[in-house]
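This is what each chain is made of:
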Amino acid sequence: MTISVLPFAVGPIVGTAGRTHIRILGVMPAGALAAGRKAPHGRIRWRAVGEPHWRGPRHFRINGNFDSSGVVVLRDLSPGTRYEYQAGYVERPDSADTQLDWHRLPLGHFRTAPDDDRAPVSFLFGSCCYRFVGLDHEVEDDRADRIFEVMGRQTAERDTDFVLYAGDQVYADATWKLGAASSQQQYFDLYRQSFGQPNIRRLMANHNHHMILDDHEIENNWPARANPDLWTSKYPAAMKAYQIYQASHSPAVPLNAAGSRLGRDPEQLWYRFRWGAADFFLMDLRTERALSRWPWQRNILSREQEQAVLAWLNDGPDRVKCLVSSVPLFPEQRWPFRGEDSWEGFRAQRQRLLDGIRASGARRLLVLSGDVHASLYARLDGLGKAPLHAWICSGLFWPTALMAFRWYRPMIRDDHRLRGLWKPSLGKVRVPGRVYSRDAFSRVSLDEQGARLELFDRDGEPVPDVGASIRWE
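Residues numbered from 1 in each chain as written. Predicted model: local features only at pLDDT ≥ 70, side-chain atom pairs only at ≥ 80, totals over all residues. Heavy atoms only, no water.

Moving on, we get to the overall build of the protein. Counting secondary structure elements, the protein contains seven helices and 23 strands. The dimensions of the protein, computed from C-alpha atoms along their principal axes, are 75 × 50 × 45 Å. Residue burial in the protein is summarised as follows: out of 473 residues, 61% are buried. Taking as baseline every contact in the protein between residues at least 6 positions apart, the subset at least 24 positions apart corresponds to 72%. The distance from the centre of the 63 positive side-chain charges to the centre of the 56 negative ones in the protein is 3 Å. (Helix = DSSP H or I, 4+ residues; strand = E, 2+ residues; numbered from the N terminus. Buried < 20%, exposed > 50% of the residue type's maximum accessible area, 1.4 Å probe, protein only. Contact = heavy atoms within 4.5 Å. Lys, Arg positive; Asp, Glu negative; His and termini not counted. Charge placed at Lys NZ, Arg CZ, Asp CG, Glu CD.)

In structure tokens, the structure reads:
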């Protein structure tokens, strides 16, 4: 008698990898486990590509408290190695390993971080994937999924270390307040439908993924219109869903003392990781905001996170650094398009951050951002000995009906002085190339000599005159 290992309803999603470990998320069908039930329904086997024999199977726990999901942590892996795996679930957690039948599961892949701290890095980067959600809370459009098929084709043609998303991976308010997610089940359903579409599902199962949230994981411009009711109903529901589907497979969620499984809920959502020659810090610019009528009291991130960013900058300032900011650090918009949702609405803290960058001596620093449904390269000169580079890639999918809600070249201040709260100039901003206001994804390639920023349209064709080739100074 054989027992089938069944495909997950969502996932597997390959998450953060170190040199010798990896996290992978799997989600059983909705309602498979009632709240309070936890059992080792998960199964995974793996091997280095080219090896004849499987390792495992490893059993891992599925938790009914977290939408019938589970994260498996594989350890004792080899650095810089590409692995293949199969992951799914069994209906009876006491099923014998010798009876398992794996033929219903597709083959997935992941890779571990390289041993060489000077190894070059190449990854796909993007943000903002709008899916139309009807008043019945159902995703009614598969156009957004098309670009992930194109991204997958490129990863088959070019070596890709991982995929990084800078926010708005889901839109909980796709139709504004009409049909916006508000309950826990509605947020769960949103993720199940969004991450369950075939092309993004295939990409997530075959490449390591790193993610950080922006506003639409909760609601537009959060927390600008938050009130006590939303803080105690919508926000906890959104954060629990985010924790399950985006944070659980990242370093934001701590492991137990043995490093063998998830340990506890995260105390913060920002995190850092290292891959070869580059260090990454993904900032949380939504859940720690402090809004005030007084400009000097406004904060886009907590003081604790601010200090963590500065400590990261000073930890090996000669290394390549990628600071992921879900909203652009610069350039700014012209009046009357200017708002207070981005860094330009938090001038005091932006000034402290830029002063900290200058003091750190970091000269190989790239800021990656999304949010604005357009793609562009900008640089800030006069901050220190080396310029600060910014790459914005936004709008993996943004429908034609909402084209007004994009950045366009005439809206952007170019060749201008960036103002602090009490400093008249923090440096001079230039946008030397095109501003591309259509759907796109990008490839970022980094090494100790420089960076290459490439933009591709939704058909996978290169978009000229938007990206840049950077030589660190």
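Moving on to unusual backbone geometry. Of note, the bond from Gly 11 into Pro 12 is cis; its omega dihedral lies within 30 degrees of zero at 5°. Of note, Pro 12 is situated in strand E2 (residues 10-17). The residue after Trp 222, namely Pro 223, is reached through a cis peptide bond having omega 5°. With respect to the secondary-structure elements, Pro 223 resides in the loop between strand E12 (209-211) and helix H4 (228-232). Here Cys 128, not a glycine, exhibits a phi torsion of approximately 65°, which is positive. Notably, Asn 221 is not glycine yet its phi reads approximately 60°, a positive angle.

Pairing between side chains becomes possible if they bear opposite charge and their charged atoms approach one another. Scanning the model with the defined rule gives 35 salt bridges in all. A single salt-bridge network, built from bridges that share partners, covers Arg 19, Asp 115, Asp 117, Arg 274, Asp 279, Arg 319 and Lys 321. (Salt bridge = Lys/Arg side-chain N within 4 Å of Asp/Glu carboxyl O.)

Take the nonpolar core next. Counting residues in each nonpolar core, the largest one holds 109 residues, and the members touching the most others are Phe 123, Phe 195, Phe 280, Trp 391 and Leu 446. Among the elements that line this core, the one with the most residues is helix H5 (residues 234-247), at nine residues. (Core = buried A, V, L, I, M, F, W, Y, C linked by side-chain atoms within 4.5 Å.)

Let us look at the side chain of Gln 86. For Gln 86, the position within the fold is in strand E7 (residues 82-89). At 2.7 Å, the side chain of Gln 86 forms a polar contact with the side chain of Arg 45. A polar contact is formed between the side chain of Gln 86 and the backbone oxygen of Trp 102, at a distance of 3.3 Å. Sequence-distant contacts of Gln 86, defined by excluding residues within four places in its chain, comprise Arg 43, Ile 44, Arg 45, Trp 54, Trp 102, Leu 105, Pro 106 and Leu 107. (Polar contact = N/O pair within 3.5 Å; in protein donor to acceptor, adjacent residues only side chain to side chain.)

Further remarks concern helix H1 (residues 146-157). The end-to-end C-alpha distance of H1, which contains 12 residues, comes to 18 Å, matching closely the 16 Å that a straight helix rising 1.5 Å per residue would cover. Where H1 is concerned, the buried positions are Ile 147, Phe 148, Val 150, Met 151, Gln 154 and Thr 155. Taken end-on, H1 shows its buried residues confined to a sector of 155°, consistent with a single buried face. Of the exposed residues in H1, those oriented more than 90 degrees away from the buried face are Ala 156 and Glu 157. Contacts made by the buried residues of H1 are with strand E10 (121-126), strand E11 (162-165), helix H3 (198-206), strand E21 (440-446) and strand E22 (450-457). (Expected span 1.5 Å × (residues − 1). Arc of directions from axis to C-beta.)

Taken together, the six strands give an open sheet; going across it, the order is E12-E11-E10-E21-E22-E23, and neighbouring strands pair in mixed fashion. The open sheet is flanked by E12 and strand E23 (468-471), the only strands paired with a single partner. Strand-to-strand, the axes of this sheet are offset by a mean angle of 20°, without reference to chain direction. Of the pairings in the sheet, the one linking E21 to E22 comprises seven bridges and is antiparallel in character. Directly across from Ser 442, in E22, lies its bridge partner Leu 455. (Pairing = 2+ DSSP bridges. Axes fitted to C-alpha atoms, helices over the stretch in contact; angles between N-to-C directions.)

Moving on, we get to the side chain of Glu 306. If you trace the backbone, Glu 306 turns up in helix H6 (residues 303-314). When residues no more than four places from it in sequence are discounted, the contact partners of Glu 306 are Leu 301, Gln 349 and Arg 352.

This part takes up the packing of H6 against helix H7 (residues 347-360). It is the contact of H6 with H7, at a shortest axis distance of 9 Å, that shows an interaxial angle of 20°. Here H7 runs roughly parallel to H6, going by the angle between their axes. Viewed along their axes, H6 and H7 form a crossing whose handedness is right-handed. Counting all contacts with H6, which are made through Arg 303, Glu 306, Val 309, Leu 310, Leu 313 and Asn 314, the residues of H7 involved are Gln 349, Arg 352, Leu 353, Gly 356, Ile 357 and Ser 360. Partitioning the contact of H6 with H7 into residue classes produces five nonpolar, four polar and three charged. (Parallel < 35°, antiparallel > 145°, perpendicular 65-115°, else oblique. Left-handed = near helix turned anticlockwise from the far one by under 90°. Nonpolar A, V, L, I, M, F, W, Y, C, P; charged D, E, K, R; others polar.)

This part covers the packing of aromatic side chains. As enumerated under the stated definition, the model contains 23 aromatic pairs in all. Ring geometry for Phe 273 and Phe 280: centres 4.6 Å apart, planes at 0°, overall stacked. According to the relative accessible area criterion, Phe 273 is buried, its value standing at 8%. Judged by its relative accessible area of 0%, Phe 280 is buried. Ring pairs connect the aromatic residues Phe 123, Phe 162, Phe 273, Trp 275 and Phe 280, which therefore count as one cluster. Sitting over the ring of Phe 346, Arg 298 keeps its end group 4.4 Å from the ring centre. One residue, Lys 321, lies across the ring of Trp 312, its end atom 4.9 Å from the ring centre. (Phe/Tyr/Trp six-rings, centres within 6.5 Å; stacked < 30°, edge-to-face > 60°. Lys NZ or Arg CZ within 6 Å of the ring centre and 35° of its normal.)

Before going further, it helps to examine the pairing of strand E18 (residues 388-393). Taking burial as the measure, the six residues of E18 include six buried ones, the bulk of the element. Alternating positions in E18 separate into two faces, Leu 388, Ala 390 and Ile 392 on one and His 389, Trp 391 and Cys 393 on the other, with burial throughout. Pairing of strand E17 (residues 375-381) with E18, which is carried by six bridges, proceeds in the antiparallel orientation. Following the sheet pairing, Ser 375 is matched in E18 by Cys 393. Between E17 and E18, which follow one another and run antiparallel, lie six residues, and Gly 382 among them has a positive phi close to 95°.

This is a description of form; function is not addressed.
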